[in-house]
Amino acid sequence: MNRHLCIWLFRHPPLNAYPRCHIYLHSHQFKQLHLKTRLWLLGQNRNHILHCFLNNNWSRRCCHQDTRMIWKHKAFQKYMEDLSKEYQTLGRCLQDVPVNEADRKCMTRRHAELSPLAAIYQEIQDAEQAIKELESMCKSLNEQDEKQLQELALEERHNIYQKINTLYSELFQSLLPKEKYDKNDVILEVTSGRTTGGDICQQFTREIFDMYQNYSCYKHWKFELLNYTPADYGGLHHAAARISGENVYKHLKYEGGIHRVQRIPEVGLSSRMQRIHTGTMSVIVLPQPDEVDVKVDPRDLRIDTFRAKGAGGQHVNTTDSAVRLVHIPTGLVVECQQERSQLKNKEIALRVLRARLYQQIIERDKCQQQSARKLQVGTRAQSERIRTYNFTQDRVTDHRIAYEVRGIKEFLCGEKYLDQLIQRLLQSADEEAIVELLDENLKSAK
Amino acid sequence: MGPCGRVLWTLLSGPKGRRGDTQARAFSLWSTLHRLLNPTELVSHWTGVFEKRGIPEARESSEYIVAHVLGAKTFQSLQPVLWTQPLTPQQLQSVQELCSYRLQRMPVQYILGEWDFQGLSLKMTPPVFIPRPETEELVEWVLEEKAQGLHAMGAHGGPRILEVGCGSGAISLSLLTHLPESQVIAVDKEEAAISLTCENAQRLQLQDRIWIVHFDVTSERSWTHLLPGGPVDLVVSNPPYIFHQDMGQLAPEIRSYEDPVALDGGEEGMDIITKILTLAPQLLKNSGSIFLEVDPRHPELVSSWLQSRPDLYLSLVAVRKDFCGKPRFLHVQKSGP
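In short, a report on the structure. Remember, it's a predicted structure, so these values are computed and weren't measured experimentally. Counting restarts for each chain: residues are numbered from 1 in the order of the written sequence. Ligands are numbered from 1 and chains lettered from A, in the order in which they are written. With the structure being a predicted model, the display of local features is reserved for residues of pLDDT at least 70 and the display and counting of side-chain atom pairs for 80 or more, all residues being used for whole-chain, interface and lining totals.

Notes on the overall build of chain B
- Of regular secondary structure, chain B possesses 12 helices and 9 strands.
- What counts as a contact is two residues whose backbone-derived C-beta atoms lie within 7 Å of each other. For chain B, contacts bridging at least 24 residues in sequence account for 64% of all contacts bridging at least 6. In this description a helix means any DSSP run of H or I spanning at least four residues, a strand means any run of E spanning at least two, and both kinds are numbered starting from the N terminus.

Below you can see the structure in the form of structure tokens.
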């Protein structure tokens with residue numbers, strides 16, 4: 001993200017000055033404005049958060065992750081002051097000034113939106129005040145006499161700083177736009193690559209699938225196998241699983257894409273030549289929709305079962321319960337033979353189909369939202385190479401955030417190492433979300 | 001060869017130094033054995049055997065049997081780790097034994113002793129009729145109608161349902177599971193079916209809401225003693241509906257193992273259907289419904305038969321197709337005194 005961000009800043013040099021003067025203008029005019037306009041301004045103001053954030057974000061990079069410095073950025077301070085002023089004004093308005101019902105609703109909603117932010121900000125200010133007091137006290141202390149007291153004060157100051165840091169990251173989280181599908185369960189599908197070195201791809205596919213199974217266990221999620229097509233030498237052609245639990249999609253959404261492996265094969269046909277092979281496999285992560293999110297018209301479905309012909313009913317006794325669903329408008333095909341009951345297989349297949357259709361809807365949404373976005377984590381199509389597992393160098397590299405980790409075995413265990421990378425991806429995505437909104441806002445301001 | 005194989009190989013091959021030809025032969029023998037020991041290879045092996053002997057659904061049969069021995073319902077749902085792990089000698093022997101039944105054309109459901117219907121695992125014993133997948137759709141239909149509440153089944157409490165010819169209890173028990181307020185009276189004329197339904201109800205802890213009665217609808221005995229609680233909201237049945245002349249063409253699995261009484265519907269397959277329709281008006285509440293599974297030729301036959309019996313006050317309100325597109329299910333409604 002950083003590279004992108006810097007370029008972005010370079011492209012928009014007047015940014016640092018821009019939000020500040022704008023906000024200033026708003027706050028000055030605030031009281032005289034007609035209510036309608038005022039509400040419009042409130043909406044506008046929200047975007048200024050992001051302007052400020054960009055500055056902060058950028059400063060963080062320049063200040064080598066010293067979070068305290070970001071928040072001291074003038075634009076941000078100014079913004080937060082305005083925000084809490086707005087909050088207070090709204091509070092007063094709601095109490096004293098009579099307004100009509102619709103306006104009142106708008107104002108109440110905005111008031112509620114701001115309330116947690118204002119509360120955190122207030123806490124931060126209190127803490128900063130405490131630090132100031134501590135510092136002035138330190139100055140007045142006689143160095144020789146009060147050494148013990150001074151140490152205590154320093155320790156106290158350190159604690160308060162830590163608290164401020166946590167408060168600021170809380171603030172950051174509440175300012176970030178919420179992702180719509182984060183809480184959903186997912187359907188995770190893995191497919192081995194078909195190009196060179198088939199068996200190396202298939203083994204790698206199995207390792208990756210196992211990794212996600214272990215990760216689900218590590219995160220206390222429920223992992224249900226939907227489909228499993230093995231290959232020779234303990235490999236895997238294709239598999240799908242439903243993973244449910246807390247914020248599953250949030251954590252797994254950036255795992256979708258092409259994963260590449262580089263290794264000297266241990267088994268299989270390609271193991272005869274002792275040289276490094278490259279293989280790929282793809283991961284697809286589909287958020288699992290609720291029944292209401294995607295409606296499938298039964299007339300759009302072609303359901304293939306074992307008995308396309310024959311008398312049926314009591315005349316035959318077949319045990320093949322496999323079901324194949326074809327969604328005619330999109331051409332999507334889903335198969336299931338997990339259960340002995342054909343009806344249950346149909347239900348599972350429908351669930352998978354709904355998830356895939358849902359994915360298409362989401363992709364369409366995203367395309368509309370982010371026409372201009374270029375290389376970010378979140379928008380990458382699930383067909384791009386995202387990560388390389390280099391066994392000979394014992395190293396995993398994520399290409400989107402230039403992240404490297406040593407210890408491939410530990411990584412494939414799907415525990416701490418994978419979790420750390422996922423956390424980093426989420427962090428980068430958060431940062432990107434801000435850049436994106438900022439970009440949009442700047443465009444609309446022009 | 002895993003480490004275990006290597007140990008065995010050392011044992012087999014004796015003291016070092018005497019290698020060569022024997023080793024090669026022993027190795028190939030061992031690897032064949034070893035291959036047979038894992039579930040995937042075992043399934044392929046038995047699929048081949050079944051195909052050679054002309055057993056239908058060769059792959060499905062061997063997959064179900066191997067999965068069953070390994071404690072799973074389907075091969076697909078078997079833990080992938082197990083696919084390549086060798087079976088124990090006892091497991092191998094069980095597979096061998098169950099597959100030998102299949103070679104005698106015993107239906108897989110009887111071999112495993114259980115089968116699934118609408119998500120319920122039910123015990124299956126010969127000669128009680130094995131529920132077919134179409135019947136799952138009959139239950140679905142009843143549940144849909146109930147959900148829509150079109151026929152005001154059981155305004156107070158759940159609906160009271162009568163099933164004629166309950167067999168293993170599949171229809172009754174799945175309705176009870178999906179309609180927690182409902183009560184079912186299940187009748188069958190076969191003792192074996194009655195006791196199997198009883199057992200399945202107990203396994204599923206549904207015995208408190210089902211009343212299972214040994215009763216023959218073709219007998220002239222009075223029905224009224226069946227219904228101490230008065231008329232029911234719903235009659236459901238998958239009656240024997242095969243035309244008598246078709247009985248000879250059934251596959252050996254059906255002909256030699258399943259009770260023909262549960263299949264043979266007489267000359268036009270209508271014997272039991274008309275019995276149910278004749279008695280239904282006395283059993284049903286006003287605007288109560290009958291849901292039947294029938295042969296694709298029956299909708300027309302039933303329709304004209306009902307027209308010839310206006311005294312029954314029954315009308316065929318809907319026909320539904322099964323997943324193969326064949327008209328398979330009938331909804332008949334009572335519309336008078």
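Still more to cover.
Describing the pairing of strand E1 (residues 186–192) of chain A
Residue and element names in this part refer to chain A.
- The buried fraction of E1 is high, at 6 of 7 residues.
- Relative to strand E3 (residues 236–244), E1 runs antiparallel, the two sharing 6 bridges. Pairing of Val186 across the sheet is with Ile243, part of E3.
- For two strands to pair, DSSP has to find at least two bridges joining them. Sheet topology note: the E1/strand E5 (residues 277–287) ladder contains 7 bridges and is antiparallel. Paired with Ser192 across the two strands is Met281, which belongs to E5. Between the buried cut of 20 or more and the exposed cut of 12 or fewer other C-beta atoms within 10 Å of a residue's own C-beta lies the partly exposed class, and all C-beta atoms are placed from the backbone.

Some points on the packing of helix H7 (residues 133–148) of chain B against helix H8 (residues 170–178) of chain B
Residues and elements named next belong to chain B.
- Where H7 contacts H8, the axes come no closer than 10 Å and their chain directions differ by 35°. Considering only the axes of H7 and H8, their crossing is right-handed. Contact with H7, carried on its side by Thr135, Val139, Val142 and Leu143, involves Ala170, Ile171, Ser174, Leu175 and His178 of H8 and no other residues of that element.
- The class makeup of the residues in the contact of H7 with H8 is 6 nonpolar, 3 polar and no charged. A fitted line through C-alpha atoms serves as each axis, taken over the contacting stretch for helices, and the angle formed by two N-to-C directions is quoted from 0 to 180°. It is the rotation of the near helix from the far one that decides the hand of a crossing: anticlockwise by less than a right angle makes it left-handed, clockwise makes it right-handed. Under the scheme applied here, ten amino acids are nonpolar (Ala, Val, Leu, Ile, Met, Phe, Trp, Tyr, Cys and Pro), four are charged (Asp, Glu, Lys and Arg), and all others, including Gly, are polar.

Some points on the environment of B:Leu173
All names here are of chain B.
- Positionally, Leu173 belongs in helix H8.
- Along the chain, Leu173 and Thr197 lie 24 residues apart, while their C-alpha atoms are 8.5 Å from each other.
- Excluding its chain neighbours within four sequence positions, the residues that come into contact with Leu173 are Leu120, Asn200, Ala201, Leu204 and Leu206.

Considering the nonpolar core
- What we call a nonpolar core is a set of buried Ala, Val, Leu, Ile, Met, Phe, Trp, Tyr and Cys residues whose membership is set by joining through C-beta atoms within 7 Å. By size, the foremost hydrophobic cluster in this structure holds 76 residues, and its most contacted members are B:Ile65, B:Val66, B:Leu175, B:Val235, B:Ile273, B:Ile276 and B:Ala280.
- A total of 6 residues in this core trace back to one element, the largest contributor, which is helix H11 (residues 271–283) of chain B.
- The two domains that each donate at least three residues to this core are domain 1 (3–112) and domain 2 (118–334) of chain B.
- Setting aside residues up to four positions removed in sequence, B:Ile276 forms contacts with B:Val164, B:Val217, B:Val235, B:Ser237, B:Pro239 and B:Ile290.
- Core analysis: the second largest hydrophobic core is formed by 48 residues, A:Ile187, A:Trp221, A:Val283 and A:Leu353 among them. Domain start and end points were adopted from an automatic or database domain assignment.

A few points about the sheet that holds strand E4 (residues 183–188) of chain B
All names here are of chain B.
- Read from one edge to the other, the open sheet built from 7 strands follows the order E5-E4-E3-E6-E7-E9-E8, with strand pairing classed as mixed. Single-partner strands in this sheet number two, and they are strand E5 (210–214) and strand E8 (314–321). Strand after strand, the sheet turns through a mean of 20° between neighbouring axes, direction not considered.
- Here 5 bridges tie E4 to E5, and the two strands are oriented parallel to one another. Each bridged residue has a counterpart across the sheet, and for Ile185 the counterpart in E5 is Trp211.
- Of the strands in this sheet, strand E3 (160–164), E4, E5 and strand E6 (232–237) touch H8, which is tilted by about 175° from E4.

Let's talk about unusual backbone geometry
- Cis geometry is found at the peptide bond from B:Pro126 to B:Pro127, where omega equals 0°.
- A positive phi angle, near 60°, is found at A:His220, a position not held by glycine.
- With respect to the helices and strands, the residue A:His220 is situated in the loop between helix H8 (198–218) and strand E2 (222–230).
- One non-glycine residue, B:Arg105, lies in the positive phi region at around 65°.
- The topology assignment puts B:Arg105 in the loop between helix H5 (89–103) and helix H6 (108–112).
- Overall, B:Arg105 belongs to the partly exposed group, with 17 C-beta atoms counted inside 10 Å.

Quick look at helix H4 (residues 58–69) of chain B
Residue and element names in this part refer to chain B.
- Here, expected helix span is obtained from the residue count minus one, scaled by 1.5 Å. Relative to the 16 Å expected for 12 residues at 1.5 Å per residue, H4 spans 17 Å between its end C-alpha atoms, a close match to the ideal helical length.
- When you tally the buried positions in H4, you get 10 out of 12 residues, the bulk of the element.
- Those residues of H4 lying buried are Glu60, Ser61, Ser62, Glu63, Tyr64, Ile65, Val66, Ala67, His68 and Val69.
- Those residues of H4 hidden inside the fold are in contact with helix H3 (39–52), H5 and H6.
- Directly after H4, the chain includes Gly71, whose backbone phi takes a positive value near 85°.

Some points on helix H6 (residues 101–140) of chain A
Residues and elements named next belong to chain A.
- Here H6 is 40 residues long and its end C-alpha atoms lie 56 Å apart, about the 58 Å a rise of 1.5 Å per residue gives.
- Along its length, H6 reaches its greatest deviation from straightness, about 35°, at Ser115, and the proline Pro116 lies no more than four positions downstream.
- Regarding H6, the residues found buried are Met107, Leu114, Ala118, Ile120 and Tyr121. Given a residue, its bend is the angle between the two axes fitted to the seven residues that end at it and to the seven that start from it.

So, the interface of chain B and chain A
- If you look at the interface, chain B gives 39 residues, while chain A gives 26 residues.
- Secondary structure elements with two or more residues in the side of chain B that touches chain A: H4, H6, strand E1 (114–117), H7 and helix H10 (252–257) of chain B.

A short note on the packing of H3(B) against H4(B)
All names here are of chain B.
- The geometry of H3 relative to H4 is characterised by a closest axis approach of 8 Å and an angle of 140° between their N-to-C directions. One element, H3, and the other, H4, form an angle in the oblique class. The crossing of H3 and H4 is right-handed. Contacts between H3 and H4 involve Pro39, Leu42, Val43, Trp46, Thr47, Phe50 and Glu51 from the former and Ala58, Arg59, Ser61, Ser62, Glu63 and Val66 from the latter.
- Split into classes, the residues belonging to the contact of H3 with H4 amount to 7 nonpolar, 3 polar and 3 charged. By the definition adopted for this analysis, an angle is roughly parallel if under 35 degrees, roughly antiparallel if over 145, roughly perpendicular if from 65 to 115, and oblique otherwise.

Regarding the environment of A:Ser84
- Looking at the element boundaries, A:Ser84 is found in helix H5 (residues 74–96).
- Ignoring sequence-local partners within four residues, the contact set of A:Ser84 consists of A:Ala118 and A:Tyr121.

Looking at the pairing of E4(B)
Residue and element names in this part refer to chain B.
- When you tally the buried positions in E4, you get 6 out of 6 residues, the bulk of the element.
- Side chains of E4 alternate between two faces, with Gln183, Ile185 and Val187 and Val184, Ala186 and Asp188 buried alike.
- Both E3 and E4 contribute to a ladder of 5 bridges, which runs parallel. What sits directly across from Ile161, in E4, is Val184.
- The definition of a right-handed crossover adopted here requires that, viewed with the strands pointing away, the path from the first strand over the helix to the second runs clockwise. With respect to chirality, the unit in which E3 leads through H8 into the neighbouring parallel E4 is right-handed.
- In the classification by handedness, the crossover that spans E4, the intervening helix H9 (residues 191–203) and the parallel E5 is right-handed.

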